[in-house]
Amino acid sequence: MPLDAKRKLHQTRSQDELNEHDECYMMRATGELFSDYEEYLNALLEYQARKWSCSISGKGKLTYEEAQQSEKSAQRRVDTVFPEIFLQPLCTMVHMSQRRMDELVEAIFKRLSCFSNGEEVEWVQGDGREPLRVSVVKPVDAEEEFFIAQDPEEHLPSRYWVSIAGMKKKRAGNLEKPASGCENGGEGSGGEGVEGEQELELKEVRGDDLRRLKGRNVSRMTIRSKLKTVGNRESYWQAPFLCEDDMVQKFDLRADLPNHIRRLKLVNDCKTGKIKKEELALLDPGLAEERAKKRRRRSGGKDANDPLNIAKSVLKTPVQKKVWEATTVWVKRSFEVAARAEERPVSPVTVPDIAAALYADWNSGDASRVADTVGTEIRIEEYVSAAHLTLSDLLAIWPSEGDSKPLLQPPFEDSMLPRDASLQPRPEPLTSFFVPDTELVLPAELLGKILLVWDLTQRFGHILRLSPFDLEDLVGAVCYPQECALSRDLHCALLRYLLQQHYEDIKTKEEEERKRKEKQTEKNARERESAARRSLGGEVAAAAGGDVDEDKEKEDDRAVAGKDRSRGPAKGRNSTGWGEKGAAKVEEESESESEDEVIEEGVVAMPKARVVEEARWAETMVRYMHARTWMKEEKDAQPPQLEQPGPAISFPPENLVEALSDGGYEVLEMSQRVELLMYLIEDACETPAVNKFLADAIEEIRDLSNEMKEEEKKLREQKKQAKLGKAKAKEQVLTQFKNEGDEEKREEVQRAKDKETAALKRAKLAETKEKIKLEDVKLEQQEQAKQNQLKSYEENLKRTFESEVEKYAVRVLPLGSDRDLRTYWLLNARDSRIFVHDPLHDGAA
């Protein structure tokens, strides 16, 4: 783009004012459209005036079209002279750079004076020998990809590994240094030059001994001219050099501006009138607020949004002022103690810090702690009232928008929050559950139990052999007057599962008892043998001992049978006890009997799982409840020393058993149906399969919680270390700046009469300040990147923890509670609704 008389790039006029139906005049050189002929003539005369210059060669006193032609020819010459392999490192180094043009050209020249990987160069060996063409493999003392690094201050290599064509390959893994005297290729080559056959293909060569092939070197002037063709830089302060869009896409460079550069551009656009102040507030509210603060500071007026001014405006009584001042002094003292303990600078005290300390003292209610802060002049009642009033007023006027820090971090007292008149009254949660598309309603007092039944059946459906169903279906089945398919399937599945678990438990106990008796028999046999050997009575004593042992075995069998009889009904139970013959006899009887059970005198037998039929499940349920009642009575009647370990047994409700026996399931009321389901669910939770699953889930959740706490502890330590590192780096920069400032002052005193030297020193000081600012910006960016990384890691860890927790069956805590003591629950089983528990409603019910 040609330069105008002020040496600025020409900007074409906007075409937004034109109407597509108007007749226009087009400028041939620029393609601009004019609807007014006089305006078109004035622009044409301006473009034909000899005030334009070429932006690449600098040639002046040209018309606009001549300047365009000059730029095209200059660009062709630059493209011919500038090698294509240097284009990527050039664009990578200059894109988004805020350095001066002279510094950029010098850094690029030094970078391009080095050699890239795979480049063919000449090795000047010296001693009158001809240069040898070699290929650069990689640098020795620098990064392998240094040639396309973005940082202009990247370390440049001084030595390279080169490969020589026609030589034997070196063995893999041996890139050792050549012996001293061989680095220039003279004495280390055996005196025969490069024509003889060598043992190594790779050699380490100094960069000064290599030179590029003819026509591949570039000068500083060529680099400066090439920069004008690949991009441009605007005229505002600290404007970055931006490459053209095709270069950005070709080399995958960053397209969007960084935040600090974008702000500089917005400030310049606001100053030049390209955007209005109202638009700036919409584009970047933080920048608009900072500019407003600067204007207010320059004008000398008080800032209404200043936190200190906000805090002072609410301190109306002497007690409030004294409490605030005493808390401020205490916070400053605690900050100083913490800074000395951690060996870091003292952090500034802010209004949120004072408010947090004041709230902690007020919330503790400890008179001694309050006395340590404000002394004994103020009574505890006055302190509590003043602190509550101060915090309430501050929360009412504290700005909630912008970059201001929150006054108090939640949770805190609800009574301190201001009342918002615009908010509507909070809707009351539904106290009853309505089945969709029906007139069936479940009372609120039964909703919690139904939720428990539905949640357990959904989570353990694979164990109970139940297909998934909705909560509305379960509520409809309970509320429906007649027995439906879902009620029948649900009760039958629970009954089958409980009966199977009961008999599996009996089999396990029989196997344990059989093994115990075998061990006892073996032990008795060994004792008899040892007693026979020790006896001196001979065969008579042995015979007598055998009779005694047989009597002892009979007594043991009778004791075991009595002990097993006290355990309650079980599979294989008969008058002879728990012997194998008795168990086999009962099995035969069980197969032959129609009702598939064995009933003894005074014993209520438990039905088998396979007798549960959908048509007669209510009768089986009554028998099951009678058997459980008998087992509970037998267990309670046992002495404490004979009580058998196992799951707890509960009595079923008497009215429920009577109603179910008389009229079946259809005569049960809604509450009785829910009680029946709750009774079966409680028995199912006591079974080993479900109980073990619940215990494992709780243990897994506890382990995950411990891991989460450890990770949070590590994150806090990392944040603390990052904060300390930032404070130390800032302190070093400030110390360095202070030392350099003192040195500048001494030099100014010594050379007060030499104005030119003083001017140079001032320029140097200004440059140092710019570097410090750039270093601060860099540190802030690094800190922001670390914070973002830590934040994303915390979020990923939290999502992982929540996803792992959702896999398990039990939620032991609610989501939270509100000021009315309602608790909110989320059951993670194919449903995402939130259920509300109101203790006041329960009390009323």
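Within every chain, residues take consecutive numbers counted from 1 along the sequence as written. Local features are withheld for residues below a pLDDT of 70 in this predicted model, meaning they are given only at 70 or higher, and side-chain atom pairs are given and counted only at 80 or more; totals for whole chains, interfaces and linings count all residues. Computation of side-chain values covers all heavy atoms of the structure but excludes hydrogens and water.

**With respect to the packing of helix H2 (residues 64–81) against helix H5 (residues 220–230)**
Turning to step 1, where the next piece is worked out: It is at 10 Å that the axes of H2 and H5 come closest, and there the two elements cross at 120 degrees. When the axes of H2 and H5 are compared, the pair comes out oblique. Handedness of the crossing formed by H2 with H5: left-handed. Taken together, the residues of H5 that come into contact with H2 (itself represented by Gln 75, Val 78, Asp 79 and Val 81) are Thr 222, Ser 225, Lys 226 and Thr 229.
Turning to step 2, where the next piece is worked out: Just so you know the grouping, Ala, Val, Leu, Ile, Met, Phe, Trp, Tyr, Cys and Pro go in nonpolar, Asp, Glu, Lys and Arg go in charged, and all remaining residues, Gly too, go in polar. Across the contact of H2 with H5, the residue classes break down as 2 nonpolar, 4 polar and 2 charged. In this analysis, axes come from line fits to C-alpha atoms, helices being fitted only over the stretch in contact, and the angle between any two N-to-C directions falls in the range 0 to 180 degrees. The numbering of helices and of strands both runs from the N terminus, where a helix is a DSSP run of H or I of at least 4 residues and a strand a run of E of at least 2. An angle below 35 degrees is treated as roughly parallel, one above 145 as roughly antiparallel, one from 65 to 115 as roughly perpendicular, and anything else as oblique. Each crossing is labelled by how the near helix is turned from the far one, with a counterclockwise turn of less than a right angle marking it left-handed and a clockwise turn marking it right-handed. Note on definitions: a residue-residue contact is assigned when non-hydrogen atoms from the two residues lie within 4.5 Å.

**Describing the environment of Trp 454**
Turning to step 1, where the next piece is worked out: Along the chain, Trp 454 falls in helix H15 (residues 444–459).
Turning to step 2, where the next piece is worked out: The buried label goes to any residue with under 20% of its type's maximum accessible area, the exposed label to any with over 50%, and the partly exposed label to all in between, with areas taken from a 1.4 Å probe on protein chains only. Take Trp 454: its relative accessible area is 1%, and that puts it in the buried class.
Turning to step 3, where the next piece is worked out: Linking Trp 454 and Pro 468, residues 14 residues apart in sequence, is a C-alpha distance of 9.7 Å.

**Notes on the sheet that holds strand E12 (residues 816–817)**
Turning to step 1, where the next piece is worked out: At least two bridges found by DSSP between two strands are what make those strands a pair. Across the sheet, which stays open at both edges, the 3 strands sit in the order E12-E13-E14 with antiparallel pairing between neighbours. The sheet is open, and its two borders are formed by E12 and strand E14 (834–837), each paired with just one other strand.
Turning to step 2, where the next piece is worked out: Here E12 runs beside strand E13 (residues 823–826); their pairing, made up of 2 bridges, is antiparallel. Residue pairing across strands places Gly 816 opposite Tyr 824, the latter belonging to E13.

**What to know about helix H17 (residues 471–479)**
Along an α-helix, residues three or four apart share an orientation, since each turn contains 3.6 residues.
Turning to step 1, where the next piece is worked out: The element H17 is largely enclosed, with a buried count of 8 among its 9 residues.
Turning to step 2, where the next piece is worked out: For H17, the secondary structure elements touched by its buried residues are strand E10 (433–434), strand E11 (441–442), H15, helix H18 (485–534), helix H23 (670–685) and E14.

**Description of the sheet that holds strand E3 (residues 120–123)**
Turning to step 1, where the next piece is worked out: In spatial order, the strands read E6-E5-E4-E3-E7; together these 5 strands make up an open sheet with antiparallel pairing. Sheet topology places strand E6 (202–206) and strand E7 (210–212) at the edges, where each strand pairs with a single neighbour. Within the sheet, the average angular offset between the axes of one strand and its neighbour, ignoring direction, is 50 degrees.
Turning to step 2, where the next piece is worked out: As paired elements, strand E5 (residues 159–164) and E6 share 5 bridges and run antiparallel to each other. Directly across from Tyr 160, in E6, lies its bridge partner Val 205.

**Quick notes on unusual backbone geometry**
In terms of backbone geometry, most residues other than glycine have negative phi values and most peptide bonds are trans.
Turning to step 1, where the next piece is worked out: Phi at Arg 465 takes a positive value of approximately 60 degrees, unusual for a residue other than glycine.
Turning to step 2, where the next piece is worked out: Here Arg 465 lies in the loop between helix H16 (461–464) and H17.
Turning to step 3, where the next piece is worked out: Given the relative accessible area of 73%, Arg 465 is considered exposed.
Turning to step 4, where the next piece is worked out: At Leu 821, a position not held by glycine, the phi torsion is positive, near 65 degrees.
Turning to step 5, where the next piece is worked out: Tracing the backbone shows Leu 821 in the loop between E12 and E13.

**Looking at the packing of helix H4 (residues 101–112) against H5**
Turning to step 1, where the next piece is worked out: As a packed pair, H4 and H5 sit with axes 10 Å apart at the nearest point and diverge in direction by 115 degrees. The hand of the H4/H5 crossing is right-handed. Residue-level inspection shows Met 101, Asp 102, Val 105, Glu 106, Ile 108, Phe 109 and Leu 112 of H4 in contact with H5, the latter providing Arg 220, Ile 223, Arg 224 and Leu 227.

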